[in-house]
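Okay, here's what each chain looks like letter by letter:
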Amino acid sequence: MTLAACGGDDDSEGGDEPTTDDATTDATADEPSGDEAAGDDVVIPVWVAFEDYRLDWTNDVADAFNEQVDGYDVQITGFASYNDAFEAAIQAINSGEPPAVVHFFEAATQEARDAISNDGEPVFADLEAIIDGRTEVAGVPVVLDDVVSAASTYYQLDGSYTSMPWNTSSAIMFLNRTLLDAAGVEGTPTTWQELEAACATFMASDAATDSCVTWPNHSWFVEQDIALQGELLANNDNGRSGRADEVFIDSDAMVDYVTWWKGLADQGYYTYTGTQRDWTGTYDLFAAQNVPFLLYSSSDTTALTEEGVTGGFDVEAAFLPHKDGVTDGGALIGGATNWVINGLDESTQDGAIAWVNFLSNPENAASWHQTTGYIPITETAVANLEAEGYFDENPNQRVASEQLAASPDTPATTGALIGNFVAIRDVITEAIESVLVNGDDPAERLAAAQEDAQALLDEYNLLFGEG
Amino acid sequence: MPILALIVLLVAAVAGAATLSRVGTSVGPLRLLGGALGGGLGALAVSAPLDFCTFSDEYETKDFVFGLVLMALGAAAGIAAARAVLSPAKLSSVETSHGVWRSRWLPWVLLSPTLAVLIVFLYWPALRTIQYSTKLARLSNPKRVDRCTYNFTELVGPSRPWLALVLAGLGIAGILAGVMLDRRGMRATHNARSVVAAVSTVALLSALAFVFTDDYRQVYVVTMIISVGTVVGGLAISLGIAFISYQPIRGASVYRTLLIWPYAVSPPIAGILFFVLFDANTGIIDHWTTSLLDTGLADYRTNAVLAQGVVILASIWKTLGYNLLFYVAGLQTIPPDQIEAAMIDGATAWQRFRHIIIPALSPITFFLIVTNLTYAFFETYGTIDYLTKGGPAGQTNVAMYEIIQVFNTGGDLGRGSAQSMILFAGVVGLTMWQFRSTGRRVSYG
């Protein structure tokens, strides 16, 4: 039990990346060492929404960048959450001292595309527009064309990237095989029903623990399960063929999912840790072997596998269970991209473009994957890891990429682009919390949530919509 | 300007004139004019910046009523100001010839650093908050859409209007009765006076609860529960501990110092500490109960009463040091001869505590009620964020936490500002009560 674990970034902003590592570093700028900082190098301030071991990794990559690429000095600053970095960036732009690159998450893609600073200009530049067809910027190869398809379909609109994909994950299932073997549970559940049956067997066995399964009450899991049913979260093809102006929070797919979830909780199979977006609490339950099943972000595959090694139990990763009898859906990505600030001078802008591509070059993409469990973001990185035999040695690391590759390319599985999505996500998790804690009827509660969410979207579109 | 708005302004002006005409013994035209100006301008000051939008057909009845209430409050403030200006200054009767500045500008120069700080960090942000509270506004877009009073009135939706009316009526009746009792100066009814005051306060506060929509009523009720719990529990416990630690025992100064330590801990740290203690899955107490009693600790994060209890407990612990500091100091100021006299008269320890010490400490208690309530309103956010995140299902979602949530998740400047204005109104009410009560119901020995 460490304080860092309690104070993890299970923040209200809806960030998809749990912090479960104990290593934390200062939020303040971490000046890279080295003499090149003193020269005439163009400073590239990069704001990253991590403060833990992932920030350390980023700092190491920045040091390498500063050494290998002439004329630039990338300076990394860590933030506690995506929203902190975003708010700080907007204020910095309005006060005339913007950073060059800001790290912002997938649910806020619409807002990042729309965001306008006080002088009426867009906050972020359109990445492909400023790359302008170049295949190499400041000597760093552009890797956009190499990005794996799940991320490219999510982050592209009309075939063009507005930001550079970086940390990308999917929701997957982790199993404590040792516990399940002890309880005589065989196989790996692939559907809701199979998971429920496995839990029934497990809880009736002598090896039963407090409960069977847990996952954070985070809207991201809800969105996964809607996509796995092949259903939309918003109109206009999930906001892909035009600005979404209607959300479907009370859809049948949604009600079915929450009803199933409530059933698991009512039977004592699911443990609700009592707070929304509780990455740390759910992680700890699995790590302490209180539950044999955990639905979680693949971003922590490395750490969770390691928990099994230190705790003496076998951790297996598997696809997220889907609704029985539904096969046309698929899983979604989660994570974040790097946005280049609009209106930078040319050399700073080129440095920023070089940096975001350097961060995802084959070597760094593979290292990032091995350090965390976020998927290798480029095809070359996947191929290199495969060739090295890394996936054969670490089968858990393969699951998220495979799950995303198995996902068909439909609007439902591409993920929703919705304005004010972060606040709408909170409306969803609030509703689910009422269902789990107060025993509200899922259909009624989701109908109320639909009204609130729709109002939030209407307000957003009033500010940003055409006209 | 709509005709209706003009009529309301005229009514406010007439009411102002009428009020002030009854204040003095002579009816001067100046008084009437002052009252009319105070009332009219006061009402105008709150409605003109809104462009009289509450009278427009675009908005609902509740916006209209809310606008009237605002105008009434503005008029009341204006009339009070006019009254203060026109009444013969009471202070001038006291001879304060020393320390009066001869120069007109020198005091302003000397005050300017303070004023500059106040303007930059207090008045200017406050003004911006008021502006934002009437807009649909978002951090990521400079565009603003006028919303009139919608940010406020969307929180209003009496589900049981008759109950709100009955309670409000009871409260107002209580206040009137209290005023009557005060006027007649019936000393024998001292206890009745306190009962009337308590009943009317509770009735008014409850009436307010039924004015809000279900969602915001929960925020209001939770804020009340956690604030009252923190203040009442905190003061009782700290007075008890102060009384015990005040006893002359060897080493008292050392442990008195130690008792004050929690004051130095920040609210989020208090939250983390109590989480580590009480968490049902990984907490220390759960570990003990599991190993000693073979039963796990109940999960406070999924039980409303326990969640509120833990938040209150953590807040009490956090404010304990501060309260102790004042109570220990207060106890030292009670003249020992009073207590000795009581002992000679045969008063038991409890009687001495109840009838000598508690009344003697009443100014300190009163001061602490105000500071602790302010703490409970504004500072418990950090504790709650680490303990419960406002859950389960909003049962520890106090007003301040709600404001931060509203702003943080949606970057919603308008709603956040409107809700912080509501909290601000609560604190203004509290401050007015403080100023009125000081020197009236509080005995300074």
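Procedures and definitions
Residues numbered from 1 in each chain as written. Chains lettered and ligands numbered in written order. Predicted model: local features only at pLDDT ≥ 70, side-chain atom pairs only at ≥ 80, totals over all residues. Helix = DSSP H or I, 4+ residues; strand = E, 2+ residues; numbered from the N terminus. Buried ≥ 20, exposed ≤ 12 C-beta atoms within 10 Å, placed from the backbone. Contact = placed C-beta atoms within 7 Å. Rg over C-alpha atoms; globule rule 2.2 N^0.38 Å. Pairing = 2+ DSSP bridges. Core = buried A, V, L, I, M, F, W, Y, C linked by C-beta atoms within 7 Å. Nonpolar A, V, L, I, M, F, W, Y, C, P; charged D, E, K, R; others polar. Expected span 1.5 Å × (residues − 1). Axes fitted to C-alpha atoms, helices over the stretch in contact; angles between N-to-C directions. Parallel < 35°, antiparallel > 145°, perpendicular 65-115°, else oblique. Left-handed = near helix turned anticlockwise from the far one by under 90°. pLDDT = per-residue confidence, 0-100.

Student: Got a minute to help me understand the overall build of chain B in this structure?
Tutor: If you tally the helices and strands in chain B, you get 18 helices and two strands. In terms of its C-alpha atoms, chain B occupies a principal-axis envelope of roughly 75 × 60 × 50 Å. Taking all 445 residues of chain B together, the buried fraction comes to 34%. The long-range share in chain B, meaning contacts at least 24 apart out of those at least 6 apart in sequence, stands at 70%.

Student: How should I be thinking about the overall build of chain A in this particular structure?
Tutor: Within chain A, the secondary structure is distributed over 21 helices and 13 strands. Against the globule reference of 23 Å for 467 residues, chain A gives a C-alpha radius of gyration of 22 Å, in line with a compact fold. Along the first, second and third principal axes, the C-alpha set of chain A runs to 70 × 55 × 40 Å. When the 467 residues of chain A are sorted by exposure, 59% land in the buried category.

Student: How do you make sense of the pairing of strand β12 (residues 315–318) of chain A when you look at a structure like this?
Tutor: Residues and elements named next belong to chain A. A one-sided burial pattern is seen for β12, the buried positions being Val315 and Ala317 and the unburied ones Glu316 and Ala318. Pairing of strand β9 (residues 171–176) with β12 involves four bridges; the strand directions are antiparallel. The residue bridging phenylalanine 174 from the neighbouring strand is alanine 317, located in β12.

Student: Could you clarify how one ought to interpret the nonpolar core in this entry?
Tutor: Where a protein is soluble and globular, its nonpolar side chains tend to be buried together. Within the largest apolar cluster, 153 residues are counted, with the highest numbers of intra-cluster contacts made by A:Val101, A:Phe104, A:Val340, A:Trp355 and A:Ile424. Sort the elements by how many residues they give to this core and helix α20 (residues 421–438) of chain A lands first, with eleven residues. If near-sequence neighbours (up to four positions away) are discounted, A:Phe104 is found in contact with A:Tyr82, A:Ala85, A:Phe86, A:Ala112, A:Ala336, A:Thr337 and A:Trp339. In this structure, B:Ala203, B:Ala307, B:Leu320 and B:Tyr327 belong to the second largest nonpolar core, which totals 57 residues.

Student: Could you clarify how one ought to interpret unusual backbone geometry in this entry?
Tutor: Phi is mostly negative for residues that are not glycine, and the peptide bonds are mostly trans. For A:Asp158, which is not glycine, the phi dihedral falls at a positive 55 degrees. By secondary structure assignment, the location of A:Asp158 is in the loop between β6 (156–157) and β7 (160–161). A positive phi is found at B:Phe52, a non-glycine position, where the angle reads about 55 degrees. Mapped onto the elements, B:Phe52 comes out in the loop between α2 (29–47) and α3 (61–86). Here B:Phe52 falls in the buried class, since 20 other C-beta atoms lie within 10 Å of it.

Student: Is there a simple way to explain the interface of chain B and chain A in this structure?
Tutor: How large an interface is tends to be reported as the accessible area lost when its parts come together. Contacts between the two partners involve 26 residues from chain B, matched on the other side by 39 residues from chain A. Contributions of two or more residues to the side of chain B that touches chain A are made by β1 (135–138), β2 (141–146), α10 (267–278) and α17 (399–410) of chain B. The class makeup of the residues in the side of chain B that touches chain A is ten nonpolar, eleven polar and five charged.

Student: Help me understand α3(B) in this model?
Tutor: In an α-helix, one turn spans 3.6 residues, which is why side chains three or four residues apart end up on the same side. The terminal C-alpha atoms of α3(B) lie 37 Å apart, and with 26 residues this matches the ideal 38 Å at 1.5 Å per residue to within 8%. Considering only its buried residues, α3(B) is in contact with α1 (3–21), α2 and α5 (150–153) of chain B.

Student: Would you mind showing me how to read the sheet that holds strand β11 (residues 293–297) of chain A here?
Tutor: Hydrogen bonds between backbone groups are what pair the strands of a sheet, and the pairing can be parallel or antiparallel. Residue and element names in this part refer to chain A. On the basis of which strands lie adjacent, the open sheet formed by four strands has the order β10-β11-β9-β12 and mixed pairing. Looking along the sheet, the strands with just one partner apiece sit at the ends: β10 (213–214) and β12. Here β10 pairs with β11 via two bridges, running parallel. Pairing of valine 213 across the sheet is with phenylalanine 293, part of β11.

Student: Just to check I follow, could you spell out the sheet that holds strand β3 (residues 101–105) of chain A for this structure?
Tutor: All names here are of chain A. What the five strands build is an open sheet, ordered β2-β1-β3-β13-β8; its pairing is mixed. If you trace the sheet from one side to the other, it starts and ends with β2 (72–78) and β8 (164–169), each paired once. With strand direction ignored, the average angle separating the axes of adjacent strands in the sheet is 20 degrees. Across seven bridges, strand β1 (residues 42–48) lies against β2 in parallel orientation. Within β2, the position partnered with valine 42 by the bridge is tyrosine 72.

Student: What is the right way to look at the packing of helix α12 (residues 304–333) of chain B against helix α16 (residues 380–387) of chain B in this model?
Tutor: When two helices pack together, their arrangement is given by the angle between their axes and by how far apart the axes lie. Residues and elements named next belong to chain B. Interaxial distance between α12 and α16 falls to 10 Å at its minimum, and their mutual angle equals 135 degrees. Overall, the two elements α12 and α16 adopt an arrangement that is oblique. Judged by the sense of rotation from one axis to the other, the crossing of α12 with α16 is right-handed. For the pair α12 and α16, the contacting residues are Val310, Val311, Ala314, Ser315 and Lys318 in the first and Thr380, Thr383, Ile384 and Leu387 in the second.

Student: Explain the pairing of strand β13 (residues 334–340) of chain A to me, please; I cannot follow it from the model alone.
Tutor: Put simply, side chains in a regular strand alternate between the two faces of the sheet. All names here are of chain A. Among the seven residues that make up β13, seven are buried, leaving the element largely enclosed by the rest of the structure. What you see with β13 is no split at all: Gly334, Ala336, Asn338 and Val340 on one side and Gly335, Thr337 and Trp339 on the other are buried throughout. Inspection of the sheet shows β3 paired to β13 by five bridges, in the antiparallel sense. Each residue of the ladder has a partner; that of phenylalanine 105, found in β13, is alanine 336.

Student: Would you take a moment to explain the environment of A:Thr153 for this structure?
Tutor: Inspection of the secondary structure puts A:Thr153 in helix α6 (residues 149–155). Apart from the residues within four sequence positions on either side, A:Thr153 is in contact with A:Asp409 and A:Thr414.

Student: Looking at this structure, I do not really get the confidence of the model for chain B. What am I missing?
Tutor: Regions with low pLDDT carry predicted coordinates that are not meant to be interpreted in detail. Residues and elements named next belong to chain B. Per-chain confidence: chain B averages 84 in pLDDT, with 92% of residues scoring 70 or above. Highest mean pLDDT in chain B belongs to α12 (92); lowest belongs to helix α6 (residues 161–184) (80). With pTM at 0.86, the complex prediction returns an ipTM value of 0.83.

Student: Looking at this structure, I do not really get the environment of B:Val232. What am I missing?
Tutor: On the secondary structure map, B:Val232 appears in helix α8 (residues 214–246). Here the alpha-carbon distance between B:Val232 and B:Ala207, two residues 25 residues apart in the chain, equals 22 Å.

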